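Breakdown of the fold
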Amino acid sequence: MDLFSIKNKVIIVTGGTGVLGGSFVIALAEQGATVVLIGQNEAIGNERVAALKKQGKEALFVAANVLQEADLINAKNTIIEKYGKIDGLVNGAGGNLPDGILPPGEDVFKMNIEGMKKTMDLNLWGTILPVQVFGPEIAKTGSGSIVNISSVNAKRTVTRGLGYSMGKAAIDLYTKWFAVEMANRYGDKVRINSIMPGFFLTKQNKNLLTNEDGSLTERGNLIIKNTPFKRFGNPDELVGALVWLLSDASKFVTGMDIGVDGGFTINSGV
Ligand code: NAD
């Protein structure tokens, strides 16, 4: 028996068009899952699906905004029509939006509240809404699994991105709360957990961590200094935790947050 098997499971990855999402999609397809990418960038989505299909994998892209219920319902109908079931959901859409970031030296009493609200909305409601729409199908399969994406910013104070940190902290509470409410209704048939990535160089944080010439910003250097492994993570280092959480190998695990952060959150710096 393959303990970590996700073969033939239909798994949705929102933000499958992004950097971490892209690596999730490849890993899940390599493990034999049928992967459905959800995102707003049709060119990237279709390109990724075509690349997977070329390798004989089954994949589908559905354009949807994770904040629009109608888009998600349309996606659900398309998936059910094509594959007949949904086994898993990875809530990868999210990030630290530029409007929600406090510029260096900015008056802390003049924070961009609207920008922070937008960032919180994307991370929190962009996680909850897909669960509301896809969850009932996932609960039907008998061994469904939902994986949210948290962040070290929800655990330690990381300057400048309050809206992002609040959104991810709210996801942590939601993951625990929803795990219990679902268990009360469905027993162990559907689980919800989160992964807490440390720092990975991607599009959403590129301008915070690197200069135009590719060298690290002061903030980028501080992160490396405070990460015991003294480097950023590689996106493919998140997929082991992801496959574990989506497979029956984690059958008795729910409401948990799994850190993949090179030691950042356990380090006092001393
Ligand atoms: P990314 O910007 O490369 O990917 C995010 C993807 O989500 C993009 O393809 C984007 O188009 C999509 N997206 C954004 N808004 C959307 C919407 N409304 N509807 C549908 N799709 C939408 O960022 P990433 O770094 O790969 O981040 C993926 C997740 O991991 C995010 O939740 C992020 O907060 C989290 N995370 C990243 C890091 C890191 O170091 N990069 C660390 C901790 C957590």
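A short tour of the structure in this document, coming up. Numbers given to residues run from 1 along each chain, matching the order in which its sequence is written. Local features are withheld for residues below a pLDDT of 70 in this predicted model, meaning they are given only at 70 or higher, and side-chain atom pairs are given and counted only at 80 or more; totals for whole chains, interfaces and linings count all residues. Hydrogen atoms and water are omitted, and side-chain values are computed over all heavy atoms in the structure.

1. Focus on the overall build of the protein
Helical segments are the DSSP runs of H or I of at least four residues, strand segments are the runs of E of at least two, and each set is numbered from the N terminus. Per the secondary structure count, the protein includes 8 helices and 7 strands. Here the globule rule reads 2.2 Å times residues to the power 0.38, and the radius of gyration is calculated from C-alpha atoms. In terms of C-alpha radius of gyration, the protein reaches 18 Å, essentially the compact-globule figure of 18 Å for 270 residues. Along the longest, intermediate and shortest principal axes, the C-alpha atoms of the protein span 55 × 40 × 35 Å. Residues classed as buried in the protein amount to 49% of the 270 residues present. A total accessible area of about 13,300 Å² is found for the protein, and carbon and sulfur atoms account for 55% of it. His is not counted, nor are the chain ends; Lys and Arg add positive charge and Asp and Glu add negative charge. Charge placement uses NZ in Lys and CZ in Arg. For Asp and Glu, CG and CD serve respectively. Distance between charge centroids for the protein: 3 Å, based on 28 positive and 26 negative side chains. In this scheme, a residue with accessible area under 20% of its type's maximum is buried, one over 50% is exposed, and one in between is partly exposed, where area comes from a 1.4 Å probe on protein chains only. Each accessible area value is a Shrake-Rupley result obtained with a 1.4 Å probe; residue values ignore everything except the protein chains displayed when judging cover.

2. Structural notes on helix α7 (residues 218–226)
Among the residues of α7, those classed as buried are R219, G220, I223 and I224. Along α7, the residues classed as buried sweep out an arc of 140° about the axis, all on the same side. The exposed residues of α7 that point more than 90 degrees off its buried face are E218 and K225. Contact criterion: two residues are considered in contact whenever any of their non-hydrogen atoms come within 4.5 Å of each other. Against α6 (206–209) lie the buried residues of α7. The arc in question is the one spanned by the directions pointing from the helix axis to the C-beta atoms.

3. Overview of the pattern of salt bridges
Between side chains of opposite charge, pairing is possible as soon as their charged atoms come close. Every case where a carboxyl oxygen of Asp or Glu lies within 4 Å of a side-chain nitrogen of Lys or Arg is listed as a salt bridge. Using the criterion set out here, one finds 9 salt bridges in the structure. K117 serves as the salt-bridge partner of E114, at 3.7 Å between the closest nitrogen and oxygen. Taken together, the positions of E114 and K117, both in helix α4 (residues 113–140) and 3 residues apart, correspond to about one turn of that helix. Using a relative accessible area of 53% as the deciding quantity, one classes E114 as exposed.

4. Topic: the site of the ligand
We call a residue near a molecule or strand as soon as one heavy atom of that residue lies within 4 Å of the molecule or strand. Residues in contact with the ligand amount to 28 residues; listed here are only the nearest, T17, L20, Y164, F200 and T202. Between V19 and the ligand, the recorded distance is 2.9 Å, taken from a backbone N or O atom to an oxygen atom. Polar contacts, as used here, are pairs of N or O atoms within 3.5 Å; protein pairs need one atom able to donate a hydrogen and one able to accept it. Residues neighboring in sequence count only if both atoms are side-chain atoms. At 2.8 Å from a nitrogen atom of the ligand is found a side-chain nitrogen or oxygen belonging to N65. Contact with the protein chains removes 90% of the 820 Å² of surface that the ligand exposes when unbound. Three classes are used: nonpolar for Ala, Val, Leu, Ile, Met, Phe, Trp, Tyr, Cys and Pro, charged for Asp, Glu, Lys and Arg, and polar for all others, with Gly counted as polar. Here the residues of the shell around the ligand sort into 11 nonpolar, 16 polar and 1 charged.

5. Looking at the packing of aromatic side chains
Here a Phe, Tyr or Trp ring, Trp counted by its six-membered ring, pairs with any other such ring whose centre lies within 6.5 Å, and the pair is stacked when the planes are under 30 degrees apart, edge-to-face when over 60, and tilted otherwise. A full pass over the atoms with the stated rule returns 3 aromatic pairs. Each ring, one from Y174 and one from F178, has its centre 5.2 Å from the other, and the planes form 35°; the classification is tilted. Placement of both Y174 and F178 in helix α5 (residues 162–186) is noted, with a separation of 4 residues, approximately one turn of the helix. Across this residue pair, the class does not change: Y174 and F178 are buried. By way of ring pairs, the aromatic residues Y174, W177 and F178 are connected into one cluster.

6. Describing the side chain of D87
Its place among the elements puts D87 in the loop between α3 (69–83) and β4 (88–91). Given the relative accessible area of 7%, D87 is considered buried. Engagement of the side chain of D87 in a polar contact is seen with the backbone nitrogen of V10, the distance being 2.7 Å. Ignoring anything within four residues of it in the chain, the contact list for D87 reads N8, K9, V10, I138, T141, S143, G144 and S145.

7. Comments concerning the side chain of R191
Within the element layout of this structure, R191 appears in strand β6 (residues 190–197). Despite its burial, R191 pairs with no opposite charge, the nearest such side chain being D248 at 5.1 Å. Within the local environment of R191, its side chain forms a polar contact with the backbone oxygen of L245, the two atoms lying 3.1 Å apart. Of the polar contacts made by the side chain of R191, one reaches the backbone oxygen of V253; its length is 3.0 Å.

8. Details of the nonpolar core
Residues F24, L28, V35, V90, I195, L242 and L246 are the most contacted members of the largest nonpolar core, which totals 30 residues. If we skip the residues at most four places from it in the chain, L246 touches I6, K9, I11, L28, G88, V90, S145, V147 and R191. To define a nonpolar core, start from buried Ala, Val, Leu, Ile, Met, Phe, Trp, Tyr and Cys residues and group those joined through side-chain atoms within 4.5 Å. Counting 29 residues, the second-largest nonpolar core is a separate cluster that includes I12, L129, A139 and F178.

9. Structural notes on the packing of α3 against α4
Contact geometry of α3 with α4 gives a least axis separation of 9 Å together with a crossing angle of 25°. It follows from the interaxial angle that α3 and α4 lie roughly parallel. Here α3 and α4 pass one another in a crossing that is right-handed. Seen from α3, the contacting residues are E69, L72, I73, A75, K76, I79 and I80; seen from α4, they are L129, P130, V133, F134 and E137. Considering only residue class, the contact of α3 with α4 consists of 9 nonpolar, no polar and 3 charged. Simply put, an axis is a line fit to the C-alpha atoms, just over the touching stretch for a helix, and the angle between two N-to-C directions goes from 0 to 180 degrees. An angle below 35 degrees is read as roughly parallel, one above 145 as roughly antiparallel, one from 65 to 115 as roughly perpendicular, and any other as oblique. For any helix crossing, the convention is left-handed if the near helix is rotated counterclockwise from the far helix by under a right angle, and right-handed if that rotation is clockwise.

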